[in-house]
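# Observations on the model geometry
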There are 2 protein chains.
Amino acid sequence: MLTILKGNILSAPEMGKIEAIPHGYLVAEDGIIEGIYPVLPDKYASAPVEDYGDDLILQSFADLHLHAPQYPMLGMGMDLPLLDWLTTYTYPNESRFQDTDYARYVYHRLAQELVSYGTTRVCMFSSFHTDATLILMDELEKAGVTGYVGKVGMDRNGIPGMMESSTAEAISETDRWLAACHFEHIKPILTPRFTPSCTNELMAHLGKLATELHLPVQSHLSENRAEIAWVRELHPDCEQYWQTYAKYGLWNDRTVMAHCVWSDEKERQAIRDAGVTVIHCPDSNQNVSSGFAPVRQMLTEGTKVSLGSDIAGGDHLCMFDVITAAIRASKVKGMIDDWKTPFLTVKEGWYLGTSAGAAFFGEQPGFAKGNPLHAIVIRDDTLLNPRTMSLEDRLERAVYRRQKDALQAVWSAGRKILDRSTAAK
Amino acid sequence: MLTILKGNILSAPEMGKIEAIPHGYLVAEDGIIEGIYPVLPDKYASAPVEDYGDDLILQSFADLHLHAPQYPMLGMGMDLPLLDWLTTYTYPNESRFQDTDYARYVYHRLAQELVSYGTTRVCMFSSFHTDATLILMDELEKAGVTGYVGKVGMDRNGIPGMMESSTAEAISETDRWLAACHFEHIKPILTPRFTPSCTNELMAHLGKLATELHLPVQSHLSENRAEIAWVRELHPDCEQYWQTYAKYGLWNDRTVMAHCVWSDEKERQAIRDAGVTVIHCPDSNQNVSSGFAPVRQMLTEGTKVSLGSDIAGGDHLCMFDVITAAIRASKVKGMIDDWKTPFLTVKEGWYLGTSAGAAFFGEQPGFAKGNPLHAIVIRDDTLLNPRTMSLEDRLERAVYRRQKDALQAVWSAGRKILDRSTAAK
């Protein structure tokens, strides 16, 4: 099966670089990218072409840290300190996912909204509920989203009824969940909520599964200082937070860690050495006053970094917003440290929200040959043009204007999962 | 003429406080608010009521600093340093408003978009072009927006062709502009672009007009450090930036000054003493790396502060976004200064974007008796409810979710200027 898209093709083949092909062709065979061309190769001459005219054809987004059950509480409780926010909103809200009808209703909407924003790859936290987690995976699968979803491991330091009732249950339910995962595009990821939420026994079980089943891992790391101090109390044998994951076998190149706001040189070294991917969540870092993540520093040092909306600590599900938030946060950081760390350019922000996230799923940056086709089409012809606009100008504007209605079509793993276009022929 | 709106009425009668009347009545006579009531007074028993059911009836927004001619360049050039941004984008773009057809086209759209976001009061910069400025005022007037618009004074330190050709012309064109202002709801405001853009002679003329015609004044103050150093060079007789306005009679309680990011204790004292209103532009401060405005400090000291989108230094025209940006910026400030300055709560941010801005137009805070009716109706019944929602919860969510489509109706100075509602009867 051949897919040929025609339009202005922009991709991010490396950090800070945009490759732009005006009125070019993006060719995929059986959902796998074959190439991008300024002129359509002869061998495809008789194939049907979806012509998007002067629209922009871009890579779709990867959102590598978000909490699905927090979707209904988006934009709420933002005045509360983190712990109060967790106990007043987050845990009670998550506990409702005991109800599978509620889970179905919420997760269906979340999946639809993700697609409507052009997010096609995720690493997502569910709650601790096995059935709701399977429903979440099912809804994402049906909507065409790809990536990883994790049933949250949480068997201590929560509120009774809002976490697993025992370690034994946490372990058996994790096993039940894994046995029931049979989705094509949505795969399981082991998800200790964060070190304080998991007994050593549960951590050890998750680590065992990571090794035996070769499963990826997601969690939180060094988000704020109180959390770091707490982890140190809980694991006096660990000098640093990351070691509480490493000692259970949850620390390797299939691991994503959200935040890393306070990761010092030593922790950052451990992140690099293991090939862990850091998920920067700029909105969340400001909303819940976590601090200023050393993103530029991590990038310069060679750490893998990509972006997450972190709803509902973040209040924007749309990755256009998350990218501009990352850029603004980098300017804040630059102003604070007297520009020892240069800010993220728009092109760099774009890379972090697309290619950098896709890398966790084994893809090469940009619309590289061999990648599954993940793409969005953006129409911007109703916007005013202040001057002759280059394609790069139009990309920048698309990012900042984040006009939801501009999105015309979305492809995910080769499948067209959204089509609002009337012009395509 | 009687207007009676029924719904959940929320208003900001003082900083940090929300007055909520569930299923209450907002009554205006001839466009002037008469009162808000939990139960409709008998004397209105036979009057028609617009019933918005369970919708929220809120004060509309005041955007007290934005550059109308920069509207087409929203979200562009954000990687450039301020000076390059001005010369590459801003000045060339503003120079296009020589063309009155272009001005009509752009300003019509701007006025429509402002209304669609519920912004009904503005203090706005035009360009230096007299005719385009009159067109802008006309378009705002027609759309139903109220407030002030200023032809920009700029007769030095610009690019030839992109500023006035002489001081004499700047003066005569200002006079021509003022003579032609004949709008009911959009009034002129004297607008020296900022001190470096205006010769002393022009400043003196504007100051004379301010006194003789009792006109308000808007400009920029202490946005970044390079600018402050430049002003000091240009006015060696002035110890501080504000004095360059004050010495020409442009500094009183009818003055709004954008930014004041670097205003020290002495300058803040001068701001308070004169009753100047500071316009905080949080998005812009981060986008163009101006710094961290001492908003909490100014509020604590008793300075009048309200909000501006500052497009196109800011990239969001929607004041919901500007309010959340102000809240996030205050959290950034708090993290930097180790919480010597507490962050802005949602209720405080809401006050700054509504009542605080309305005060510059002589209004009392909230839906006070005697204020012209400025209101918006927000429908939120398609959103998920994570728990039993209080009206305050719903206000917070409306602010963070900033769902444009949620806006059902807008009133400005007593007139219904937008109606998307189908349910109202």
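Structural data are supplied above this passage.
Below or above, wherever it landed, is the structure these notes cover.

Between two aromatic rings, the relevant description is the distance of the centres plus the angle of the planes. All names here are of chain A. Enumeration over the complete set of coordinates arrives at 26 aromatic pairs over all chains. Put simply, the rings of Phe61, Phe320 and Trp350 pair up and form one aromatic cluster. The ring of Tyr102 is capped by Arg96, whose NZ or CZ atom sits 4.0 Å from the centre of that ring.

What follows deals with helix α2 (residues 100-116) of chain A. Residues and elements named next belong to chain A. Compared with an ideal rise of 1.5 Å per residue, which puts 17 residues at 24 Å, α2 spans 24 Å between its outermost C-alpha atoms and is within 8% of the ideal. Restricting attention to buried positions, one finds in α2 the residues Tyr102, Ala103, Val106, Tyr107, Leu110, Ala111, Glu113, Leu114, Val115 and Ser116. Structurally, the start of α2 carries an N-cap: the backbone nitrogen of Asp101 is 2.9 Å from a side-chain oxygen of Asp99. Looking one or two residues past α2, Gly118 carries a phi angle of roughly 85°, positive in sign.

As a further point, take the interface of chain B and chain A. Listed per partner, the contact involves 52 residues of chain B and 52 residues of chain A. Around 4,500 Å² of area is buried between chain B and chain A when both sides are counted, 52% of it from carbon and sulfur atoms. Counting across the chain B and chain A interface gives six salt bridges. For Arg328 of chain A, the salt bridge identified is with Asp315 of chain B, shortest N-O distance 2.9 Å. The interface formed by chain B and chain A holds 26 residue pairs in polar contact (both at pLDDT 80 or more) in total. Elements supplying a minimum of two residues to the side of chain B that touches chain A: α1 (82-95), α2 (100-116), α9 (282-287), α11 (319-336) and α14 (391-401) of chain B. Per-element tally for the side of chain B that touches chain A: the top contributor is α11 of chain B, with six residues. Partitioned by chemical class, the residues of the side of chain B that touches chain A number 23 nonpolar, 14 polar and 15 charged.

All names here are of chain A. Read across the sheet, four strands follow the order β11-β12-β13-β14 without closing on themselves; strand pairing throughout is parallel. Of all the strands in the sheet, just β11 (217-221) and β14 (304-307) have a single pairing partner and so form its edges. For this sheet, the mean angle separating the axes of adjacent strands, direction not counted, is 30°. Across four bridges, the pairing between strand β13 (residues 277-280) and β14 is parallel. The partner of Thr277 across the bridge, within β14, is Lys304. The strands that helix α11 (residues 319-336) touches are β13 and β14; relative to β14, the one it contacts most, it runs at about 125°.

Parameters and conventions
What you see as residue numbers is a count from 1 along each chain, following the sequence as written. Chain letters and ligand numbers both follow the written order, the letters beginning at A and the numbers at 1. Only residues with pLDDT of at least 70 get local features here, since the model is predicted, and only at 80 or more are side-chain atom pairs given and counted; chain-wide, interface and lining totals rely on the full set of residues. To get the side-chain values, all heavy atoms of the structure are used, and hydrogens and water are removed first. Between the rings of Phe, Tyr and Trp (Trp by its six-membered ring), a pair exists once the centres lie within 6.5 Å; its type follows the angle of the planes, with under 30 degrees stacked, over 60 edge-to-face, and the other angles tilted. Criterion for a charge above a ring: Arg CZ or Lys NZ at most 6 Å from the ring centre, at most 35 degrees from the ring normal. Only runs of H or I of at least four residues qualify as helices and only runs of E of at least two qualify as strands under DSSP, and these elements are numbered from the N terminus. Here, expected helix span is obtained from the residue count minus one, scaled by 1.5 Å. Using a 1.4 Å probe on the protein chains alone, a residue whose accessible area is under 20% of its type maximum counts as buried, one over 50% counts as exposed, and one in between counts as partly exposed. We define a polar contact as two N or O atoms separated by no more than 3.5 Å, with the added condition that, inside protein, one atom must be a possible hydrogen donor and the other a possible acceptor, whereas residues neighbouring each other in sequence contribute only through side-chain atom pairs. Any two residues having at least one pair of non-hydrogen atoms within 4.5 Å are treated as being in contact. Accessible area that two parts lose when put together, with a 1.4 Å probe and added across both, is what the buried area reports. Think of a salt bridge as a Lys or Arg side-chain nitrogen and an Asp or Glu carboxyl oxygen that are within 4 Å of each other. Only Asp, Glu, Lys and Arg are considered charged, only Ala, Val, Leu, Ile, Met, Phe, Trp, Tyr, Cys and Pro nonpolar, and every remaining residue, Gly among them, polar. When DSSP finds at least two bridges between two strands, those strands are taken to pair. Axes here mean lines fitted to C-alpha atoms, for a helix over just the part in contact, with angles spanning 0 to 180 degrees between N-to-C directions.

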